[in-house]
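# Analysis of the macromolecular model
Single-letter residue listing:
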Amino acid sequence: MKNPSQVSVYEVSLRDGLQNEKGVLPTESKRAILDALIAAGLKRIELTSFVSPKWVPQLADAEELAREVEVPDDVTLSALVPNAKGLERALGTGLPEIAVFMSASETHNRKNINKSIDRTLEVFDEVVPPALEGGLRVRAYVSTVWGCPYEGPIDPARAIEIAVRLIELGCYQVSLGDTIGVGNPRQTEDIVRRALDVLPPEKVALHMHDTRGTALANVVTALNMGIRDFDASVGGMGGCPYAPGASGNLATEDLVYLLEGMGYETGIDLDLLVEAGRVAERVVGRPLPGKVHQAGPFRVRA
Ligand code: HMG
Ligand code: MG
């Protein structure tokens, strides 16, 4: 993205949000959220995960959901893929993009995908090149960059080394995750500087969970350093079931409210996005935590 006033929002509620809900939503309810997100102008949407249904039963309908959705040409759907089996499932649905994911923390990586970091990189050697050959775009995540629930602080140099490996493998962008929402702007400045020392800004995204209310402060820090790609989840749903303490993602409404107010362009209609949050809240059947979701956009009252 060349225009520095444009910011790309990558929506993760249908995946990161729903994987952390207690109940399993019917496929048609997921479609209702998707339609509302598309109506609001979201162009990059993570739809589901081709992970083990034993590990994440909430997303066991991945094939059914991905096969049956029809989206406008300018909307790109993606899905998490952990291994060759996941890739095979994704290829069977015709989705244009996948995302591989791993952690900068050895312990979280094992708890989440049941293998070491080194073994994960070997597995991705069998996933990313065939995915690219199959015509897919591949994104990547590195989790627990700001801190791990099992290991505590993580060496940022190690996290960026993994991010670079994933880009070298052919991923078009790597999203650095504050999986449990512990980061602060000073830390973000250090992590983003290290990333931008070795990668161009368009290859780096931020995936912040807002567990302790610091997500937007971290986003502003990264914006000021040239990052223009941010993940978010409508209503602030989300969390990794294998990272204790991981609560909601940065809410898409909060991100878009901040960005548009600061003069950035997102292409997203905030009123319709708030509507999408209401649809999500209705179908998950619990109040969602996003601030703008609760307060609504800024309006002068008559
Ligand atoms: P495993 O048990 O080690 O897998 O799980 P395995 O290779 O030993 O296979 C065991 C069984 O699982 C076999 O079936 C396989 O076929 C099946 P069986 O022979 O016993 O009947 N299997 C699969 N089935 C469907 N789809 C597959 C698949 N792979 C194997 N892809 C595995 C390893 C990676 C599969 C498992 O650990 C897993 O699914 N983990 C996913 C966990 C997850 O989704 N976590 C949340 C997403 S990450 C996140 O939230 C962080 C993020 O948001 C960024 C951030 O916040 O920082 C991205
Ligand atoms: Mg996440």
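As shown above, the structure is provided for reference.
Residues numbered from 1 in each chain as written. Chains lettered and ligands numbered in written order. Predicted model: local features only at pLDDT ≥ 70, side-chain atom pairs only at ≥ 80, totals over all residues. Heavy atoms only, no water.

## What about the site of ligand 1?
- Taken together, the neighbourhood of ligand 1 is formed by 27 residues, with Gln19, Asn83, Asn112, Asn114 and Thr179 sitting nearest.
- Measuring from an oxygen atom of ligand 1, one finds a side-chain N or O atom of serine 143 at 3.0 Å.
- The protein chains hide 74% of the 1100 Å² of surface that ligand 1 would expose on its own.
- For the shell around ligand 1, the secondary structure elements donating two or more residues are helix H1 (13–17), helix H4 (84–91), helix H5 (106–113) and strand S5 (137–143).
- Partitioned by chemical class, the residues of the shell around ligand 1 number eleven nonpolar, eleven polar and five charged. (Near = heavy atom within 4 Å. Polar contact = N/O pair within 3.5 Å; in protein donor to acceptor, adjacent residues only side chain to side chain. Areas by Shrake-Rupley, 256 points an atom, 1.4 Å probe, with all protein chains shown as cover. Helix = DSSP H or I, 4+ residues; strand = E, 2+ residues; numbered from the N terminus. Nonpolar A, V, L, I, M, F, W, Y, C, P; charged D, E, K, R; others polar.)

## Let's talk about the packing of helix H9 (residues 185–198) against helix H10 (residues 215–224)
- One way to put it is that H9 packs onto H10 with a least axis distance of 9 Å and a crossing angle of 40°. Accordingly, the angle class assigned to the pair H9 and H10 is oblique. At the point where H9 passes H10, the crossing takes the right-handed sense. Residues Pro185, Thr188, Glu189 and Val192 of H9 touch H10, and the partners they reach there are Ala217, Asn218, Thr221 and Ala222.
- Here the contact of H9 with H10 is composed, by residue class, of four nonpolar, three polar and one charged. (Axes fitted to C-alpha atoms, helices over the stretch in contact; angles between N-to-C directions. Parallel < 35°, antiparallel > 145°, perpendicular 65-115°, else oblique. Left-handed = near helix turned anticlockwise from the far one by under 90°. Contact = heavy atoms within 4.5 Å.)

## Quick look at the coordination of the magnesium ion (ligand 2)
- Those donors, Asp16 (OD), His207 (NE2) and His209 (NE2), are the protein atoms that reach the magnesium ion (ligand 2), and they lie 2.0 to 2.3 Å from it.
- When the donor residues of the magnesium ion (ligand 2) are listed from N- to C-terminus, their spacing reads D-x190-H-x1-H. Pair noted here: aspartate 16 is in helix H1 and histidine 207 is in strand S7 (residues 204–208), with a separation of 191 residues, a long-range link. (Donors = N, O, S within 2.8 Å, 3.2 Å for Na, K, Ca; no water.)

## Comments concerning the packing of helix H2 (residues 27–39) against helix H12 (residues 270–284)
- With their axes 8 Å apart at the nearest point, H2 and H12 run at an angle of 170° to one another. The angle between the axes of H2 and H12 places the two elements in the roughly antiparallel class. Contact residues: Ser29, Ala32, Ile33, Ala36, Leu37 and Ala39 in H2; Leu272, Ala276, Val279, Ala280 and Val283 in H12.

## Observations concerning the state of the cysteines
- For the structure shown, the criterion picks out zero disulfides.
- Its sulfur unpaired, cysteine 240 is 10 Å from the next cysteine sulfur, which belongs to cysteine 148.
- A relative accessible area of 11% places cysteine 240 in the buried class. (Disulfide = S-S within 2.5 Å. Buried < 20%, exposed > 50% of the residue type's maximum accessible area, 1.4 Å probe, protein only.)

## Section: the pattern of salt bridges
- Applying the stated criterion to the full structure yields 17 salt bridges.
- Across the pair lysine 43 and aspartate 74 runs a salt bridge whose closest N-O atoms are separated by 3.1 Å. Here lysine 43, found in the loop between H2 and strand S2 (44–49), pairs with aspartate 74, found in the loop between helix H3 (62–68) and strand S3 (76–80); they are 31 residues apart in sequence, far enough to count as distant.
- For the salt bridge of arginine 299 with aspartate 271, the shortest nitrogen-to-oxygen distance reads 2.4 Å. Here the residue arginine 299 occupies a position in the segment after helix H13 (291–295), and aspartate 271 occupies one in helix H12, the gap between them amounting to 28 residues. (Salt bridge = Lys/Arg side-chain N within 4 Å of Asp/Glu carboxyl O.)

## Things to note about the packing of aromatic side chains
- Applying the stated criterion across every chain yields a total of one aromatic pair.
- Ring plane angle 50° and centroid distance 5.1 Å describe the contact between tryptophan 55 and tyrosine 242, whose orientation is recorded as tilted. A residue pair is termed long-range when its members are at least 10 positions apart, and tryptophan 55 in the loop between S2 and H3 and tyrosine 242 in the loop between strand S8 (229–232) and helix H11 (252–261) qualify at 187 residues.
- Residue class for tryptophan 55 comes out partly exposed when judged on its relative accessible area of 33%.
- The cationic tip of arginine 137 hangs over the ring face of tyrosine 172; the distance from NZ or CZ to the ring centre is 3.8 Å.
- Against the face of tyrosine 10 rests arginine 139, its NZ or CZ located 3.7 Å from the ring centre. (Phe/Tyr/Trp six-rings, centres within 6.5 Å; stacked < 30°, edge-to-face > 60°. Lys NZ or Arg CZ within 6 Å of the ring centre and 35° of its normal.)

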